[in-house]
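# A look at the structure
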2 protein chains.
Amino acid sequence: MDTNVTQLLKTYELKVTPQRMCIVEELMKNGHLSIDELYEKIRERFPSLSLATVYKNIHAMMDKNFIKEVKIPNVKSKFELTKNDHAHIICEKCGKVEDVDVNSLSIIKEVEEKSSYKIDHTDLIFSGICPECLTKES
Amino acid sequence: MDTNVTQLLKTYELKVTPQRMCIVEELMKNGHLSIDELYEKIRERFPSLSLATVYKNIHAMMDKNFIKEVKIPNVKSKFELTKNDHAHIICEKCGKVEDVDVNSLSIIKEVEEKSSYKIDHTDLIFSGICPECLTKES
DNA sequence: GCCTAATAGAAAATAATTGTCAATAGAAAA
DNA sequence: TTTTCTATTGACAATTATTTTCTATTAGGC
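All of these numbers come straight from a predicted model, not from anything done at the bench.

### Quick word on the domain arrangement of chain A
All names here are of chain A.
- Domain boundaries in chain A define domain 1 (2-81) and domain 2 (87-137).
- Between domain 1 and domain 2, the C-alpha centre-to-centre distance is 24 Å.
- Contacts between the two partners involve 8 residues from domain 1 and, on the opposite side, 7 residues from domain 2.
- Summed over both partners, the interface of domain 1 with domain 2 comes to about 570 Å²; 70% of that surface belongs to carbon and sulfur atoms.
- Interface area lost by domain 1 to domain 2 is led by H32, V70 and I72, which between them contribute 58%.
- For the interface between domain 1 and domain 2, the tally reads 0 salt bridges.
- Grouping the constituent residues of the side of domain 1 that touches domain 2 by class yields 4 nonpolar, 1 polar and 3 charged.

Laid out in structure tokens, this is it:
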């Protein structure tokens, strides 16, 4: 996995540093993390890492399209590794964020017809209650 | 329209002040505004208004569900008066934000089936090029 | 191993948002 | 109306969030 991360960083033209590897590994492990969550996670393994470095790397990685920001209502932005297009679901109870593949072709078509825009990108966030919280709740 | 705004504020249990009326009027006129845009617009008519007051009112109005925050990729959040559920389109060229009504029932159903979440809310942002910029561009 | 440009970390600088507090202004009651 | 009470305003300070600056260090090519 180390090699994996190294390769990944190189693919995106990012110099391989221990700090960056750490960031990527945490994102692989956790999926979606805010700046603060990321910083805390990493400090457990890498106490010397500074917050400014997290910010700088987040930007460097976004510039290379290696990671993406996910803006979610009511909470701080999360970051994730870039993957195939997908939507996000957030549980309003426990705050968990998950990916979900949806077929957005028809809704894009609908939007294009109604608006006359040429759409090239979507950000779809669904909020609700996850199956785990649903069972606990009833 | 004055009376209109006054009534609106009262409906949402918000004390009617000139500052608030100004905020609401600008949102009615412009549709979607960031904090800064709102502040600038209002200062033209109401130079004494302070930025802190804008923030405080934005929060008061969000608490009463009178306005909503719209989080858009790459740009600062915009605020809009609460209306019927709708999606948003942003033009990547000129930055214009518009509402669009979409039928999201089937996509919600798809998400619920794939994720086992119970979805109660969606935030759908579509990015692309608006018809005006499309014509200019070619 | 050596060289060069990029990166990390500490700290300061800037930007964004929120809190404090005295003065004032809505709105309800007298 | 006038009075009273509480919420709001605006100036300012305080926080919080993010970015920049600067120097020492390090990655990666030769």
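On we go from here.
### So, unusual backbone geometry
Residue and element names in this part refer to chain A.
- A positive phi is found at E13, a non-glycine position, where the angle reads about 60°.
- Following the sequence through the fold, E13 ends up in the loop between α1 (2-11) and α2 (18-30).
- Overall, E13 belongs to the exposed group, its relative accessible area being 60%.
- Positive phi outside glycine occurs at N65, with the angle close to 65°.
- Taking relative accessible area as the criterion, N65 reaches 38% and is therefore assigned partly exposed.

### Things to note about the protein's contact with DNA strand D
- Surrounding DNA strand D, one finds 20 residues, the nearest of these being Y55 and H59 of chain A together with T17, Q19 and K56 of chain B.
- In DNA strand D, atoms within 4 Å of the protein come 75% from sugar and phosphate.
- Between DNA strand D and the protein, one listed contact pairs a phosphate oxygen with a side-chain N or O atom of T53 of chain B at 3.0 Å.
- Elements with a minimum of two residues in the surface near DNA strand D: α4 (51-63) of chain A together with α2 (18-30) and α4 (51-63) of chain B.
- Tallied by class, the residues present in the surface near DNA strand D amount to 7 nonpolar, 7 polar and 6 charged.

### Quick word on the protein's contact with DNA strand C
- Around DNA strand C lies a shell of 20 residues, among which T17, Q19 and K56 of chain A together with Y55 and H59 of chain B are the nearest.
- Backbone atoms, meaning sugar and phosphate, form 73% of the atoms of DNA strand C found within 4 Å of the protein.
- R20 of chain A is positioned with one of its side-chain polar atoms (N or O) 2.9 Å from a phosphate oxygen of DNA strand C.
- With respect to DNA strand C, the backbone of V16 of chain B contributes an N or O atom lying 3.0 Å from a phosphate oxygen.
- Among the secondary structure elements, those contributing two or more residues to the surface near DNA strand C are α2 and α4 of chain A together with α4 of chain B.
- For the surface near DNA strand C, the residue count by class is 7 nonpolar, 7 polar and 6 charged.

### Things to note about the relation of the copies chain B and chain A
- Taken as rigid bodies, chain B and chain A are interconverted by a rotation of 180° and an axial shift of 0.0 Å, the fit giving an RMSD of 0.0 Å. With respect to symmetry, the two chain copies, as superposed, fit the operation of a two-fold axis. Across chain B, the rotation axis passes nearest the C-alpha of L124 of chain B, at a separation of 2.3 Å.
- Interface overlap between copies: 100% of the residues of chain B at the interface are likewise at the interface in chain A, consistent with a symmetric, same-surface contact.

### Considering the layout of surface pockets
- The computed volume of the second largest pocket comes to approximately 230 Å³.
- Every residue lining the second largest pocket is listed: E69, K71, N74, V75, K76 and S77 of chain A together with M62, E69, K71, V75, K76 and S77 of chain B.
- Of the residues in the lining of the second largest pocket, the class split is 3 nonpolar, 3 polar and 6 charged.

Calculation rules
Residues numbered from 1 in each chain as written. Chains lettered and ligands numbered in written order. Predicted model: local features only at pLDDT ≥ 70, side-chain atom pairs only at ≥ 80, totals over all residues. Heavy atoms only, no water. Domains from an automatic or database assignment. Contact = heavy atoms within 4.5 Å. Buried area = accessible area lost by both parts, 1.4 Å probe. Salt bridge = Lys/Arg side-chain N within 4 Å of Asp/Glu carboxyl O. Nonpolar A, V, L, I, M, F, W, Y, C, P; charged D, E, K, R; others polar. Helix = DSSP H or I, 4+ residues; strand = E, 2+ residues; numbered from the N terminus. Buried < 20%, exposed > 50% of the residue type's maximum accessible area, 1.4 Å probe, protein only. Near = heavy atom within 4 Å. Polar contact = N/O pair within 3.5 Å; in protein donor to acceptor, adjacent residues only side chain to side chain. Least-squares fit on C-alpha atoms with pLDDT ≥ 70 in both. 1 Å grid on protein atoms, 1.4 Å probe; cavity = no way out; pocket = protein on both sides within 12 Å on 5 of 7 lines; lining within 4 Å. Points joined across faces, edges and corners; volume = space filled by probe spheres on them.

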